[in-house]
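Coordinates in review
Okay, here's what each chain looks like letter by letter:
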Amino acid sequence: MPESTTPTTELASQYMAQVTGDLERNVKEQERIGAEIASLQEQLTALQHDHTVLVNMQQALGIAPASAEPALTPESAAVPSPRQKSSAEPSGKRKARKTTAARESRTARKPAAQKPAKTAATAKTTQPTLVALIRRHLTDQSEPRSAAEIATALGQAHPERDIKTKVVRVTLEGLVAKSQAQRTKQGTSVFYTAPDAPKPTAAAAQAEAQPENSDS
């Protein structure tokens, strides 16, 4: 009886190990995809914000698409008055005058229309993604940092952005899954560093003490 029980126990152990490994891989994949979704959502929010700003600027400058038709209304309303005063004026001259006025109006509006486009391009180039901010922050640090510390530092550096600790943690796990960041544990706390970041201060101090001991 014990002989038949032993293979069954070993088989159950193998299944348990396989299920545990599959579960860990599943969780890591969920974290990676969640980080990408959070990053894309942030980019979408930034684009929507830019769109709102540009629409407001467009309306303030009076260059909304719908303003093109009303702009011609005063000219068309003023046409009957010259016709009544001088009906003998050739129609060709009147058409040429309208064309010239319309061309000058469009030319005057072009510089104003180009300013919002430049502003939008500048806004996009000056707003890096959360992933880029986190990677830059890890590279600048000499010691490991927790997700909460990173979120606080980025929030202070970029107060105009709503940076949450949960989104930062998910993004960090995504970077770890892509080998673009390192994760270490100290007790129950989790810390993150750049891939080529220096080791913690205690290890560095021990490494520096070794040459001094050898010399003595």
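Placed above this text is the structure.
What comes next is a walk through the structure.

What counts, and at which threshold
- Residues numbered from 1 in each chain as written.
- Predicted model: local features only at pLDDT ≥ 70, side-chain atom pairs only at ≥ 80, totals over all residues.
- Heavy atoms only, no water.
- Helix = DSSP H or I, 4+ residues; strand = E, 2+ residues; numbered from the N terminus.
- Buried < 20%, exposed > 50% of the residue type's maximum accessible area, 1.4 Å probe, protein only.
- Contact = heavy atoms within 4.5 Å.
- Areas by Shrake-Rupley, 256 points an atom, 1.4 Å probe, with all protein chains shown as cover.
- Core = buried A, V, L, I, M, F, W, Y, C linked by side-chain atoms within 4.5 Å.
- Expected span 1.5 Å × (residues − 1).
- Arc of directions from axis to C-beta.
- Axes fitted to C-alpha atoms, helices over the stretch in contact; angles between N-to-C directions.
- Left-handed = near helix turned anticlockwise from the far one by under 90°.
- Nonpolar A, V, L, I, M, F, W, Y, C, P; charged D, E, K, R; others polar.

Within the chain, the regular secondary structure consists of 8 helices and 2 strands. Sorting the 216 residues of the chain into buried and exposed places 18% on the buried side. Here the analysis covers contacts within the chain between residues at least 6 apart in sequence; of these, 59% occur between residues at least 24 apart. Counting every atom, the chain has about 15700 Å² of accessible surface; 56% of that belongs to carbon and sulfur.

What follows deals with the nonpolar core. In terms of nonpolar packing, the biggest core is built from 15 residues, with Ile134, Leu138, Ile150, Leu154, Val168 and Leu172 touching the most fellow members. Elements represented by at least two residues in this core include exactly α5 (130–140), α6 (147–157) and α7 (165–177). Discounting residues that sit within four places of it in the chain, Val168 has contacts with Ile134, Ala147, Ile150, Ala151 and Ile163.

Another point: α7. For α7, spanning 13 residues, the distance from its first C-alpha to its last is 18 Å, which sits close to the expected 18 Å at 1.5 Å a residue. Burial in α7 covers these residues: Val168, Thr171, Leu172, Glu173, Gly174 and Leu175. Where α7 terminates, the next one or two residues include Ser179, which has phi positive at roughly 60°.

Every buried residue of α6 is listed here: Ala147, Ile150, Ala151 and Leu154. One side of α6 carries all its buried residues, which in axial view fall inside an arc of 100°. Its buried side turned inward, α6 meets α5, α7 and β2 (189–193).

With that settled, the discussion passes to unusual backbone geometry. The backbone of Ser179 shows a phi angle near 60°, a positive value even though the residue is not glycine. Inspection of the secondary structure puts Ser179 in the loop between α7 and β1 (182–186). Residue Ser179 is classed as exposed on the basis of its relative accessible area of 58%.

Once that is clear, we can look at the packing of α6 against α7. Running from amino to carboxyl end, α6 crosses α7 at an angle of 115°, the nearest separation of the two axes being 9 Å. Both α6 and α7 take part in a crossing whose hand is right-handed. Taken together, the residues of α7 that come into contact with α6 (itself represented by Ala147, Ala148, Ile150 and Ala151) are Thr165, Val168, Arg169 and Leu172. Among the residues making up the contact of α6 with α7, the classes are represented as 6 nonpolar, 1 polar and 1 charged.

Any functional reading would require information beyond the geometric quantities listed.
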